[in-house]
Amino acid sequence: WSSDVCSSDLGASTKLARAISWGLPIISSTAGRRGYEWKEGALLMAETPAAMAEQLIKEAGNLDRIHYWKEQTKLIAASGLDKNDLADRIRVAYQ
């Protein structure tokens, strides 16, 4: 399991990118996933450390749920924006 609590409002958390690359189930906050988009997959979301602990307690004891969330991470890793999506974003930003 990987968890990420981030309080900055700008950019993207490299901690989330690292966790996605590990292929582990991820618990993140809204701030922790800022700057990321993907077409498939999901993260467990919680806004406070206590809520993250609750999610972990709820999910980690069930092997099927662990496999489910691991698969969600793999989907995220495989379905990020491609170079055309990124080029379109840059083009729009500079118009």
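Novice: I would appreciate a short explanation of helix α3 (residues 63-78) in the present structure.
Specialist: Owing to its 3.6 residues per turn, the α-helix brings residues three or four apart onto one side. Taking 1.5 Å of rise per residue, 16 residues should cover 22 Å, and α3 covers 23 Å from first to last C-alpha, within 8% of that figure. All of the buried residues in α3 are W69, Q72, T73 and I76. An end-on view of α3 places all buried positions within 100° of arc, on one side of the element. Exposed side chains of α3 directed beyond 90 degrees from the buried face belong to L63, D64, A77 and A78. Looking at the packing, one finds that the buried side of α3 touches α1 (14-22), β2 (26-28), β3 (44-45) and α2 (49-60).

Novice: Would you take a moment to explain the nonpolar core for this structure?
Specialist: In summary, soluble globular proteins display a tendency toward joint burial of nonpolar side chains. One finds L16, A19, I20, I26, Y36, W38, L43 and I76 forming the largest nonpolar core, which totals 8 residues. Looking at this core element by element, the count peaks at 3 residues for α1. Residues within four places of I76 in sequence aside, it is in contact with I20, W38, E40, G41, A42 and L43.

Novice: Just to check I follow, could you spell out the environment of G23 for this structure?
Specialist: Tracing the sequence through the fold places G23 in the loop between α1 and β2. In this structure, the C-alpha to C-alpha distance between G23 and K70, residues 47 residues apart in sequence, is 6.3 Å. Sequence-distant contacts of G23, that is, excluding residues within four places in its chain, are made with K70 and T73.

Novice: Would you mind going over the packing of aromatic side chains with me for this structure?
Specialist: Two numbers describe a pair of aromatic rings. These are the distance of the centres and the angle of the planes. In this structure the tally under the stated criterion is 1 aromatic pair. Plain terms: the ring middles of Y68 and W69 are 4.9 Å apart, the flat faces sit at 80° to each other, and that makes the pair edge-to-face. Looking at W69, the relative accessible area reads 8%, which means it is buried.

Rules and cut-offs
Residues numbered from 1 in each chain as written. Predicted model: local features only at pLDDT ≥ 70, side-chain atom pairs only at ≥ 80, totals over all residues. Heavy atoms only, no water. Helix = DSSP H or I, 4+ residues; strand = E, 2+ residues; numbered from the N terminus. Expected span 1.5 Å × (residues − 1). Buried < 20%, exposed > 50% of the residue type's maximum accessible area, 1.4 Å probe, protein only. Arc of directions from axis to C-beta. Contact = heavy atoms within 4.5 Å. Core = buried A, V, L, I, M, F, W, Y, C linked by side-chain atoms within 4.5 Å. Phe/Tyr/Trp six-rings, centres within 6.5 Å; stacked < 30°, edge-to-face > 60°.

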